[in-house]
Amino acid sequence: MSSSPVYSGDTLSNETAQIVIAPERHGEGLYAVFEDQGSPIAFYDDDGLLPEHSFRIDRDFTTVEVLDRADPKTSTRKVLVPYRRYFGRPEKGTAPPLALLQALGDAMEFNDFGDQTGTIPAGYTYFGQFVLHDLTSMTPSITPGKSKPKNIRSATLDLDSVFGAMPPGGASASSQACPAPMAVGETTDGRLLDLPRATDGMPCIADRRNDSNLALAQTHMALIRFFNAVRRLSDDADEARRLTQLHLQSVVLHDYARRLIDNVIYQDVMERGRAVIDVDADGFKLPLEFAAACARFGHSMIRNRYPWNAWNPGATVSAFWDNTYNSAITPMTRLRGQWVADWRRLLAIGLTEAQGAIFAAKIDTRLAFELRQIRPQALPHTTGSMPLSRNLAVRTLQRSYLLELSSAQHVFHCVAGKLGDRAHPGFAPLTEPELLDGESQAVRDALTERPEGGAARLVDSTPLWFYVLKEAAVKGCGLKLGPLGSRIVMETLHAAVSAAEPSILDPSVQPWRPDPRLHPSSESYALPDLIAFSGLLDS
């Protein structure tokens, strides 16, 4: 351990590199945060901010070795996940107490009495989770030997979760070597419709978090099949990869975002560019506020039950976990054929809801019942001593506290200032009656309780995650994100595409158009186009 470089402010003690260990479960790993432009990097685990003496970092800034707080003789190694704090920390003494945030999460409704669905097909719920993973687990792209951490890894939308190297460690000792990259796994009935797996069931993919639930695993499998279909058009593997990346970016910007983002904000960003999230000279760093709060709106889109396919018309969240290696109580080795996704249902292609089309739950402050007490197998390993809750709402608010996220009202003030400076469309914050409207008495009590010590009420200093959900319910009728959530999510996605190489936003390729050989249905590329070209509509 003494040979590991010690990071202290701006300098490294030596240049010994370590092994990169990628996260294997959703939400696992440290948070490496650029707090302010030009300031040293800060590290957070599940106990909050790490003191400088408690970690060692390798020369490439790709791996950090963290000393155990209770026993400094022991340590763990984790891959760095880079973020930038865009909207500052709460002022000292103003942050809501952790107990009050936990009370709010515990009071939130987990609805088991019928899903309130919107107009977004359910396939976009899990496509969004796939995109988030691609943005937060990327290949390092910095120069060794730098005196200050910059560009820890790319946060661009370049499909590293599909094309990147598989994490070291591979399969368990009892299993054989993983199949080659771009292999597709066989289901129990012999169809190539599963993730590639080792014999013990471990997914053989660059980002093992994508085997956290069945719908996400089927989405990753679809991207592998899409690349393979594109590859058959060209003898040049690099060209096939480039085409796959570009068409995926079009799906994200022209289809996924258009469905979820407030119409005025979507058009403003697409036509006039970004006003809040930037790509600086050192590249793009994902906003911490996006990763830990705004992007988590997708949790509210999860349903209690899904008319999954003809064999399983009442699939639950537990069934989605059971049909994985990562989250099952008894890990699955191969996907059973009757659990293959029916993409016509997931994307509502030519079907009504009565015919089995599956629409996502509305975006609001109500969550699927099974997320109140998530099974341990579906949870990531924590990186601190604090026991994080199995209640998803409580757990999310605990993380916002530990990461010292600013309130939604402060974020709104920062965003409004930047929009005004550049004459972009403005919007109003949620009022107290809007924040309280329709909530249970327990939620209202948590929001309006006045904490001891001078901290503001939660209704005046609202957790960003809760605010984004409530704003979608009030301003977007649960069908789209509200204006603050839309602005941050849309600009982050736009920046992630703009900074990618290749990029459909590259000025030299404007206007970008999809390759006609990939059978686009319009002048842009949509998720149904991608699924159809992958040969999955009739599977």
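Here we summarise the structure given alongside this text.

1. Here we look at the side chain of S503
For step 1, the next point in the chain: Looking at where S503 falls in the secondary structure, it is placed in the loop between helix 15 (483-498) and helix 16 (527-533).
For step 2, the next point in the chain: A polar atom in the side chain of S503 sits 3.0 Å from the backbone nitrogen of L505.

2. Section: the environment of G485
For step 1, the next point in the chain: Position of G485 relative to the elements: it lies in helix 15.
For step 2, the next point in the chain: Residue G485 is classed as buried on the basis of its relative accessible area, which comes to 0%.
For step 3, the next point in the chain: Contacts of G485, omitting those with residues within four sequence positions, involve V468 and E471.

3. Things to note about the packing of aromatic side chains
For step 1, the next point in the chain: Under the counting rule described, the total for this entry stands at 11 aromatic pairs.
For step 2, the next point in the chain: Seen in terms of ring centroids, Y86 and F87 are 6.1 Å apart; in terms of plane orientation they differ by 45°. Their pairing is tilted.
For step 3, the next point in the chain: Classification of F87 by relative accessible area gives buried; the value is 2%.
For step 4, the next point in the chain: Where F412 meets F427, the ring centres are 5.5 Å apart and the plane angle is 70°; that geometry is what we call edge-to-face. One end of the pair, F412, is in helix 11 (residues 408-421); the other, F427, is in the loop between helix 11 and helix 12 (432-436), and 15 residues separate them in sequence.
For step 5, the next point in the chain: What links up through ring pairs into an aromatic cluster is the set Y126, Y306, W308 and F320.
For step 6, the next point in the chain: Sitting over the face of the ring of Y86, R84 holds its NZ or CZ atom 4.1 Å from the ring centroid.
For step 7, the next point in the chain: Across from the ring centre of Y306, 5.6 Å away, lies the NZ or CZ of R303, which sits over that ring.

4. What to know about the nonpolar core
For step 1, the next point in the chain: In this structure, F297, W308, W343, L484, L493 and I531 are the most contacted members of the largest nonpolar core, which totals 142 residues.
For step 2, the next point in the chain: Ranked by the residues each element gives to this core, the list is headed by helix 4 (residues 214-231), at 12 residues.
For step 3, the next point in the chain: When near neighbours in sequence (up to four residues on either side) are disregarded, W343 contacts Q218, T219, A222, A348, I349, I531, L536 and L537.
For step 4, the next point in the chain: A32, F34, I41 and F43 belong to the second largest nonpolar core, which has six residues in total.

5. Considering the packing of helix 1 (residues 98-107) against helix 10 (residues 392-402)
For step 1, the next point in the chain: Two elements in contact, helix 1 and helix 10, have axes separated by 7 Å at closest approach and are oriented at 155°. On the basis of their axis angle, the class for helix 1 and helix 10 is roughly antiparallel. Regarding helix 1 and helix 10, the two cross each other, and that crossing is right-handed. Touching L98, L101, Q102, L104, G105 and D106 of helix 1 are A393, V394, L397, Q398, S400 and Y401, all from helix 10.
For step 2, the next point in the chain: Taken together, the residues of the contact of helix 1 with helix 10 break down into seven nonpolar, four polar and one charged.

6. Quick notes on the side chain of S461
For step 1, the next point in the chain: Turning to its location among the elements, S461 is positioned in the loop between helix 13 (441-448) and helix 14 (464-475).
For step 2, the next point in the chain: Its relative accessible area of 12% is what places S461 among the buried residues.
For step 3, the next point in the chain: For S461, the contacting residues outside a window of four places in its chain are P96, S407, Q409 and A456.

Basis of the calculations
- Residues numbered from 1 in each chain as written.
- Predicted model: local features only at pLDDT ≥ 70, side-chain atom pairs only at ≥ 80, totals over all residues.
- Heavy atoms only, no water.
- Helix = DSSP H or I, 4+ residues; strand = E, 2+ residues; numbered from the N terminus.
- Polar contact = N/O pair within 3.5 Å; in protein donor to acceptor, adjacent residues only side chain to side chain.
- Buried < 20%, exposed > 50% of the residue type's maximum accessible area, 1.4 Å probe, protein only.
- Contact = heavy atoms within 4.5 Å.
- Phe/Tyr/Trp six-rings, centres within 6.5 Å; stacked < 30°, edge-to-face > 60°.
- Lys NZ or Arg CZ within 6 Å of the ring centre and 35° of its normal.
- Core = buried A, V, L, I, M, F, W, Y, C linked by side-chain atoms within 4.5 Å.
- Axes fitted to C-alpha atoms, helices over the stretch in contact; angles between N-to-C directions.
- Parallel < 35°, antiparallel > 145°, perpendicular 65-115°, else oblique.
- Left-handed = near helix turned anticlockwise from the far one by under 90°.
- Nonpolar A, V, L, I, M, F, W, Y, C, P; charged D, E, K, R; others polar.

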